[in-house]
Each structure stands twice: as structure tokens, then as C-alpha cells.
Amino acid sequence: MIRNVAILGATGSIGTQTLHILARYPDRFSACCLCARSNAEGLFQLARTFRPRTCGLVVEPKEIPDDLRGIEWFFGEDSASRALAVSGADDALCAVVGIAGLDAVLTALDTCERVLLANKEALVTGGHLVTEKAKRLHRALLPVDSEHSAIYQCLQAARGNVPSRLILTCSGGALREFPREQLANATVSDVLKHPTWRMGSKITVDCATLMNKGLEVIEAYHLFGLPEEKIEVVIHPQSVIHSMVEFADGAVLAQLGAPDMRVPIGYALGEPDRLAFGGERLDFTRMGALTFASPDTERFPCLAYAREALRLGGSAPVVLNGANEEAVAAFLRGEAKFGQIPLIVRYALDHAELKPISCAQEVYEADARARLLARACLRHL
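In this report, we go over the structure that sits alongside the text. (Residues numbered from 1 in each chain as written. Predicted model: local features only at pLDDT ≥ 70, side-chain atom pairs only at ≥ 80, totals over all residues. Heavy atoms only, no water.)

## Focus: the nonpolar core
Turning to step 1, where the next piece is worked out: In this structure, Leu-34, Trp-73, Leu-175, Leu-269, Leu-320 and Phe-338 are the most contacted members of the largest nonpolar core, which totals 92 residues.
Turning to step 2, where the next piece is worked out: Top element by residues in this core is helix H13 (residues 316–332). It accounts for 8 residues.
Turning to step 3, where the next piece is worked out: In contact with Leu-175, not counting residues within four places along its chain, are Leu-183, Ala-186, Asp-190, Val-191, Ala-208, Arg-299, Phe-300 and Phe-338. (Core = buried A, V, L, I, M, F, W, Y, C linked by side-chain atoms within 4.5 Å. Buried < 20%, exposed > 50% of the residue type's maximum accessible area, 1.4 Å probe, protein only. Helix = DSSP H or I, 4+ residues; strand = E, 2+ residues; numbered from the N terminus. Contact = heavy atoms within 4.5 Å.)

## Things to note about the sheet that holds strand S10 (residues 241–246)
Turning to step 1, where the next piece is worked out: As summarised here, the arrangement of the 4 strands in space is S9-S8-S10-S11, forming an open sheet in which the pairing is mixed. Only two strands of the sheet have a single partner each, and these edge strands are strand S9 (231–235) and strand S11 (252–256). Neighbour-to-neighbour, the strand axes of the sheet open up by a mean angle of 20 degrees, direction not taken into account.
Turning to step 2, where the next piece is worked out: Note: S10 against S11, 5 bridges, orientation antiparallel. What sits directly across from Met-244, in S11, is Ala-254. (Pairing = 2+ DSSP bridges. Axes fitted to C-alpha atoms, helices over the stretch in contact; angles between N-to-C directions.)

## Describing the packing of aromatic side chains
Turning to step 1, where the next piece is worked out: One pass over the full model with this rule turns up 4 aromatic pairs.
Turning to step 2, where the next piece is worked out: Ring centres of Phe-331 and Phe-338 lie 5.8 Å apart, and the angle between their planes is 70 degrees; on these two criteria the pair is classed as edge-to-face.
Turning to step 3, where the next piece is worked out: The buried category is assigned to Phe-331, whose relative accessible area is 3%.
Turning to step 4, where the next piece is worked out: The rings of Phe-44, Trp-73 and Phe-75 are connected pair by pair, giving a single aromatic cluster.
Turning to step 5, where the next piece is worked out: Over the ring of Tyr-305 we find Arg-346, and its NZ or CZ is 4.8 Å from the ring centre. (Phe/Tyr/Trp six-rings, centres within 6.5 Å; stacked < 30°, edge-to-face > 60°. Lys NZ or Arg CZ within 6 Å of the ring centre and 35° of its normal.)

## Concerning the side chain of Lys-120
Turning to step 1, where the next piece is worked out: Considering the arrangement of structural elements, one finds Lys-120 in helix H5 (residues 120–137).
Turning to step 2, where the next piece is worked out: Relative accessible area serves as the criterion here: at 3%, Lys-120 is assigned to the buried category.
Turning to step 3, where the next piece is worked out: Polar side-chain contacts of Lys-120 include one of 3.2 Å to the side chain of Asp-145.
Turning to step 4, where the next piece is worked out: Only 3.2 Å separates the side chain of Lys-120 from the side chain of Asn-212, close enough to count as a polar contact.
Turning to step 5, where the next piece is worked out: When sequence neighbours within four positions are dropped, the list of residues in contact with Lys-120 reads Asp-145, Ile-203, Asn-212, Leu-215, Glu-216 and Glu-219. (Polar contact = N/O pair within 3.5 Å; in protein donor to acceptor, adjacent residues only side chain to side chain.)

## Details of helix H6 (residues 146–155)
Turning to step 1, where the next piece is worked out: Judged by how many residues are buried, H6 sits mostly within the fold: 9 of 10 residues are covered.
Turning to step 2, where the next piece is worked out: Those residues of H6 lying buried are Ser-146, Glu-147, His-148, Ser-149, Ala-150, Ile-151, Tyr-152, Gln-153 and Cys-154.
Turning to step 3, where the next piece is worked out: The elements touched by buried residues of H6 are strand S7 (140–143), strand S8 (165–170), helix H10 (211–224), S10, S11 and helix H11 (262–270).

## Regarding the pattern of salt bridges
Turning to step 1, where the next piece is worked out: In total, this model carries 28 salt bridges according to the counting rule given.
Turning to step 2, where the next piece is worked out: With its nearest N and O atoms 3.0 Å apart, the salt bridge here joins Asp-78 to Arg-82.
Turning to step 3, where the next piece is worked out: Given a relative accessible area of 32%, Arg-82 falls into the partly exposed group.
Turning to step 4, where the next piece is worked out: The network of salt bridges with common partners includes Glu-325, Glu-326, Asp-367, Arg-371 and Arg-375. (Salt bridge = Lys/Arg side-chain N within 4 Å of Asp/Glu carboxyl O.)

Encoded structure:
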């Protein structure tokens, strides 16, 4: 049986790599829904290749090409949710960047059998809303982040044994060895030179600040149910071990592979089958040393701020995420220095009124307040 797959964030790095796998397995998958934010020309090309039933764009183009008018199009901020709802998708791969992905994930849980989660912010900001809904509706929630996919894969061999520790690996980002005296003024060009992964600009900046790893700690907490103190982070520059799980007897299971996002994407798509895609294989005889180190939260405090937000609970992770999104956007526009990103996040956490979260509307309200605080901080830096 062919599974109909919706890809939300189709023109981004994760979306295009997902489509690469779908194209290799036309007897197993069909792309029934493709959505993007503003890259209309990119989405038009994908639509011509995959002929989905529905498409969505947040930014409405001037016109739809004549050869694509047979597709049902949706526009506006909620275009992905509306396109998904009528697409007939069995699976939804949610790769929308930022908090904008929360609505899409909640809609996907309503309409699809499985949600392939590549948007970590949905769990960071609405973690218990997403996981409780998935449990209530008996939906599969499959991680696509390489680290969480690695943990998920290792847990398949647990046979009911509860892990004693989750170990998230981290490349350290482009500025891992940047001189301390130059760190605060690192340029956008410096930051976007990620040493091992090919990703979008926002997540690459988050890797450089270690905020990405902090968001992943929160994501792991919601996905796997271990307390924050049992989720560790280690710097592993080679990005060969994608994460590890330790058990009560001290045994550690690890998932290894070349740094290629098609591995976790393919695993989520084909689970429990593994899908070959022609990627690079590890050559252990040529690999060299695998090294590990503790993260430096003095130089990169965002990881510590994320842990603090998780412990505080309620709207604190929403505040953390919203302020960070504002700060990173300002940095990419040239309106903030790299060293100001953690200052903006710290200001928002210190000045926000933290409240419980019981629905998506409260998430968006907390996010809006966090962004106002971040902008106010930016004006006075």
C-alpha cells in the first residue's frame, strides 16, 4: 500500500531531502501535500515533479502557473494546516521552522496516522499539548532530529528496560574553537559555516549558540519522559555518534552513521524498515579518533538557559524560544551582534511573567509577550 505523505516545509533542507527519498520509492510513498513559506518558485518546481493534491504558501504569489492550477492551493499563515487537513495524508513530516510549526503539528495529529517531527519548537513550546494529544488519539510521533532519532532507535533494543541516562551529542557548531575575544562579534558568515551538517540559517545559528542543543534537551524530555537531570549533552565534533542511551548496568547503546539527515528521515518514513538511499557509509579504518568534551556554558550560556526554562516549566520554554527566534532573526538581518543573542534571551526570561500553559492560544500569547521583551531589550543594547 502506498502511503500518502505531506511535507510541511517542502523547500527547506529537510523537505528536499525527504522528497529525495520519496522519489526513490514511488511504490511505497506519494507526496500528497507540499507546503512552504515564501519560496513560490521552489514549490512550483517540486509540484511539477511530484504532482501533490494540495499545496500551501504563507506568502501568496502573484499568480499560479497554468500547469499547476489543477492542484488545490492555500495561502496565508495557516495555509499548511488547511492544505494538510484536506490532503488525505497518512503521514505528515513537519519541518516548518520555529513556533509556526505548532499549529501544523496539532493539525497533523488530528488528520494523520503518523507525525514525523522535524520541528523541535512544537515540543519546546507546546510539549505536553502535543504529546497528550498524540496519546489520546493513538498517533505515532516519530522524531526526525538526528539526535532524537538515534535515541529512538537505541530504545528499540531496550526490551522494556528503562534508560538511566540519555546522552545527546553535539558538534559544537561553527564557533566551537572561535577565539573567546572574537566570539561576541562573530559575523553571520562565520556562524553559517557549520562543520558537518547542511541546514537552514536559523538552526545553524542555534547550533553556534548551543541553543539548538538546549531546545533538544527540552524535546527529549517530552519525547522520552526522562527528567532533565538525566538528559546530558556532550560535544562530539566528528558527528559520527548521533546520540546514546545508558541503562542501569552501565551499558551504553549508540547509533552511528555518516552525518546525513536522510538517515533519520528514512528511518521515520520506513519504520520499522530501513530505506537505502545511496548515502555515504562509515569506513572505520579511516575514521580516526572520536572525541568528546563537556559543553562550555560560560562561553555559550543558551544551553544553560534552556535547561533553566525546562525546570521552570509553564510558559518559560515559550519565552525562551520566542526571544531566541527574535534575537536570531535580528542577528541574521545585521541588527544584533552574535554576543547579544544570549543577552536578549536572558532579559526575556528575567522579565517575563511566567504562567501555566493549557492550550495553544496561551502558547501564542506567551510567545508574543516574549518577542516584545526581546525587541525592547534589543533597542537598549
